[in-house]
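# Close look at the chain arrangement
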Amino acid sequence: MSTLLTNIGELVTNAPEDGWGTAGPGPYAAIADAALVIDDGRVAWTGPASRTPATDDVADAGGRVVLPGFVDSHAHLVFAGERGGEFAARMAGQPYQAGGIRSTVAATRGATDDQLRANLRVLAAEMLRQGTTTFECKSGYGLTVADEARSVTLAAEVTPEVTYLGAHVLPPEFEADPGGYVDLVCGPMLEACAPHARWVDVYCERGAFGADEAFAVLAAGQAAGLQARVHANQLGTGPGVQLAVAAGAASADHCTYLTAADLSALASSATVATLLPGVEFSTRQPYPDARRLLSAGATVAIATDCNPGSCFTSSMPFCVALAVREMHMTTQEAVWAVTAGGARALRRTDVGHLGVGARADLVMLKAPSHAYLAYRPGVPLTAAVWRGGELVAGGW
């Protein structure tokens, strides 16, 4: 059955003017006084509300803005415990260190599958209510073969975008044997996790894994059929971005500290620079220089990095507001980055845009313009969310 959604004040499509988007998301694009047709879970038509085709059903958007569903390409949702005390300590002046991850590892190892599943589903539902219709989910808080395997298995229950992150940090039992742990990550742990994952990731950072170790992890994962992504250059300059580009990674995530060579590498490659401004908000670290990346010609995505330590937010609208206010992105650039940019970071052509043929993932806001995501920060603006053409959250 076809449905016409009409009287849309602003329709953000990220698609060419002719509406055909089979090649995936294009540059930012929007139509004023618009309408959209959904048929069989896909976008069948977009255009002016004055020229709508006949459909089986009609719904009135009441002049509100409609955007593609948000695409969150970086999240850590399989965990137990909480680290509110650590956050309070940071706000009191204690610097952020990657080693805090180990407290979550201990809690996750001690949790049951049902406890992990319940927390995961709460967070996934929280994302959906705020307009996130596609999200990636990493392992990385188990760090044993059994715990990493159950983490990716649980993640696969809620998203096809599952990332194996056995190389998150060294677990305590391997503190004196980092080589032995890398062997485990590249061997038995990978064998147990690869059937349930699409991606392999590594935290290439001081206090985590160096260039040679990270290269070994990515190479092993790619040999097992997984695609690469990298946590890169969060705490300082380092080899992460260059490693990501050399490995053909879909995304280098964080990108807080970049050299001129890093900028050039990103701009001349298909590797997306995924920025995670919620982390800088929660750690009081400097924000990435988005303007520098955009001026260099790099593709920029924005994601939440939802996790219990360095950034416990699931809100893409909040990240849009941070990107505009703190990283000096325009409202159009920020909205593109949380939709089409996220799709590029996941190498998806069916989401992140509303071209004809795209999956009908839509977010309607209680607002006339996309700019309200930054203009009214912290306000619950989501009126309705569709995924695959089905109303899954809200109503109007």
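Report on the accompanying structure. What you see is a predicted model, and the numbers here were worked out from it, not measured in a lab.

Notably, N233 is not glycine yet its phi reads approximately 55 degrees, a positive angle. Mapped onto the elements of the fold, N233 is located in the loop between β10 (227–232) and α8 (240–246).

The next thing to look at is the pairing of strand β9 (residues 199–204). In terms of residue burial, β9 counts as a mostly covered element, since six of its six residues are buried. Burial along β9 is two-sided: W199, D201 and Y203 and V200, V202 and C204, pointing in opposite directions, are all buried. Judged from the three bridges that link them, strand β8 (residues 161–167) and β9 form a sheet pairing that is parallel. Paired with Y164 across the strands is V200, a residue of β9.

Attention now moves to the packing of aromatic side chains. Using the criterion set out here, one finds six aromatic pairs in the structure. Seen from their ring centres, F281 and F318 are 5.1 Å apart, and the 85 degrees between their planes marks the pair as edge-to-face. Pair noted here: F281 is in helix α10 (residues 277–283) and F318 is in helix α12 (residues 316–326), with a separation of 37 residues, a long-range link. Here F281 falls in the partly exposed class, since its relative accessible area comes to 42%. Note on Y372 and Y375: the rings are 4.9 Å apart at their centroids and 85 degrees apart in plane angle, and the pair reads as edge-to-face. Remark: Y375 and Y372 occur in helix α15 (residues 372–375); sequence separation between them is three residues, near one turn of the helix. Judged by its relative accessible area of 23%, Y372 falls in the partly exposed class. Y375 sits in the exposed class, given a relative accessible area of 61%. Through pairs of rings, three or more aromatic residues link up here, namely F79, Y141 and F312. Here R229 stacks its cationic end above the ring of W199, 4.4 Å away from the centre of that ring.

It is characteristic of soluble globular proteins that their nonpolar side chains tend to be buried jointly. Core analysis: the largest hydrophobic core is formed by 91 residues, its most contacted members being L77, Y164, Y181, L266 and L293. Discounting residues that sit within four places of it in the chain, Y181 has contacts with L143, G166, V169, L170, P171, F174, M189 and F209. Among the nonpolar cores identified, the runner-up in size contains 18 residues, and L11, A61, A358 and A384 belong to it.

Structurally, the position occupied by S314 is in the loop between β13 (300–302) and α12. As a C-alpha pair, S314 and L123 span 191 residues in sequence and 7.3 Å in three-dimensional space. Beyond its immediate sequence surroundings of up to four residues, S314 is in contact with E126, M127, Q130, T304 and C306. At a separation of 2.6 Å, a polar atom in the side chain of S314 contacts the side chain of E126. Among the polar contacts made by the side chain of S314, one reaches the side chain of Q130 at a distance of 3.0 Å.

Moving on: the packing of helix α5 (residues 178–186) against helix α7 (residues 211–223). Remark: α5 packs on α7, axes separated minimally by 9 Å, with the N-to-C direction vectors making an angle of 15 degrees. Classified by the angle between their axes, α5 and α7 sit roughly parallel to one another. When the axes of α5 and α7 are compared, the crossing they make is right-handed. On α7, the residues that touch P178, V182, V185 and C186 of α5 are E213, A216, V217 and A220. Taken together, the residues of the contact of α5 with α7 sort by class into seven nonpolar, no polar and one charged.

This structure, assessed with the given rule, holds zero disulfides. No disulfide involves C137; its sulfur sits 9.3 Å from that of C306, the nearest cysteine. The exposure class of C137 is buried, given its relative accessible area of 0%. With no disulfide of its own, C193 lies closest to C186 among cysteine sulfurs, the gap being 12 Å.

For the coordinates displayed, the defined rule picks out 16 salt bridges. The residue D113 makes a salt bridge to R150 at a minimum N-O spacing of 2.8 Å. Within this pair, whereas D113 is found in helix α3 (residues 113–129), its partner R150 is found in helix α4 (residues 145–155), the two being separated by 37 residues in sequence. Measuring nitrogen to oxygen at the nearest pair gives 2.9 Å for the salt bridge that ties E157 to R117. Taken together, the residues E157 in the loop between α4 and β8 and R117 in helix α3 connect sequence positions 40 residues apart. E157 gets classed as partly exposed once you look at its relative accessible area, which sits at 34%. One network of salt bridges, in which partners are shared, links D114, R117, R121 and E157.

About the thresholds
Counting from 1, residues in each chain are numbered in the order their sequence is written. Owing to the predicted nature of the model, reporting of local features is limited to residues with pLDDT of at least 70; listing and counting of side-chain atom pairs is limited to 80 or more, with chain, interface and lining totals taken over all residues. With hydrogens and water set aside, each side-chain value is computed from the structure's full complement of heavy atoms. Working definition: helices are DSSP H or I runs of at least four residues, strands are E runs of at least two. Numbering for both runs from the N terminus. Burial classification: accessible surface area is computed with a 1.4 Å probe over protein chains only, and a residue below 20% of its type maximum counts as buried, one above 50% as exposed, and the rest as partly exposed. Strand pairing requires that DSSP identify at least two bridges connecting the strands. Only Phe, Tyr and Trp rings take part, Trp by its six-membered ring, and two of them pair if their centres are within 6.5 Å. Stacked means planes under 30 degrees apart, edge-to-face means over 60, and tilted covers everything else. Charges are assigned to positions over rings by a cutoff of 6 Å between ring centre and Lys NZ or Arg CZ, combined with an angular limit of 35 degrees from the ring normal. In this description, a nonpolar core means a group of buried Ala, Val, Leu, Ile, Met, Phe, Trp, Tyr and Cys residues linked to one another through side-chain atoms lying within 4.5 Å. When checking whether two residues touch, look at their non-hydrogen atoms; a contact exists if any pair is within 4.5 Å. Two N or O atoms count as a polar contact when they lie within 3.5 Å, although within protein this holds only if one can serve as hydrogen donor and the other as acceptor, and sequence-adjacent residues are included solely when both atoms are side-chain atoms. Lines are fitted to the C-alpha atoms to define the axes, a helix being fitted only along its stretch in contact, and any angle between axes, read from their N-to-C directions, falls within 0 to 180 degrees. Reported orientations rely on four angle classes, namely roughly parallel under 35 degrees, roughly antiparallel over 145, roughly perpendicular from 65 to 115, and oblique for the rest. Crossing chirality is assigned from the near helix's rotation relative to the far helix, an anticlockwise turn below a right angle marking it left-handed and a clockwise turn marking it right-handed. Amino acids outside the nonpolar list (Ala, Val, Leu, Ile, Met, Phe, Trp, Tyr, Cys, Pro) and the charged list (Asp, Glu, Lys, Arg) are all regarded as polar, and Gly is one of them. The disulfide criterion used throughout: a pair of cysteine sulfur atoms within 2.5 Å. By salt bridge we mean one thing: a side-chain nitrogen of Lys or Arg within 4 Å of a carboxyl oxygen of Asp or Glu.

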